[in-house]
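Here is how the chains run, residue by residue.
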Amino acid sequence: MNPTQAQKRLLTVLENARGRWVPMRWLDTTPLLHEDDFPLIPSLIENGWAAHKLRSIQITAAGVAALSEIRGETRSER
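Everything numeric here is computed off the predicted structure, so don't read it as measured data. (Residues numbered from 1 in each chain as written. Predicted model: local features only at pLDDT ≥ 70, side-chain atom pairs only at ≥ 80, totals over all residues. Heavy atoms only, no water.)

Some thoughts on the sheet that holds strand β1 (residues 22–23)
Strand order in the open sheet formed by 3 strands is β1-β3-β2, with antiparallel pairing between adjacent strands. The open sheet has two edge strands with one neighbour each: β1 and β2 (50–53). Of the strand pairs in this sheet, β1 and strand β3 (residues 56–59) are connected by 2 bridges, and their pairing is antiparallel. In the strand pairing of β3, Val22 is matched with Ile57. Contacts between helix α1 (residues 5–16) and the sheet are confined to β1, β2 and β3, with β3 contributing the most and set at about 90° to the helix. (Pairing = 2+ DSSP bridges. Helix = DSSP H or I, 4+ residues; strand = E, 2+ residues; numbered from the N terminus. Contact = heavy atoms within 4.5 Å. Axes fitted to C-alpha atoms, helices over the stretch in contact; angles between N-to-C directions.)

Here you go:
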């Protein structure tokens, strides 16, 4: 399954955190995301693209791979 555009935005923000845990409160207010992106966090966890702990989220290796796959497809389509 490929991430939607909103999921891709969330994963990109998490990837840019370079493995650090990102507070969900920050994700809910950052201008880097659209206002409808935040409710999609559970779908990232369900797909194995992100891990969570109390009030924080982190991208997983599967999330990084999903982004890499999308970027590879995008490059080959050019």
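Moving on from the model shown.
Considerations on the environment of Leu27
Positionally, Leu27 belongs in helix α2 (residues 24–29). For Leu27, a relative accessible area of 2% translates into the label buried. Leu27 sits 39 residues away from Ala66 along the chain, and the two C-alpha atoms are 20 Å apart. In this structure Leu27 touches Val13, Leu14, Val22, Leu33, Phe38, Ile41 and Ile57, once residues within four positions along its chain are discounted. (Buried < 20%, exposed > 50% of the residue type's maximum accessible area, 1.4 Å probe, protein only.)

In short, shape yes, function no, at least from these values alone.
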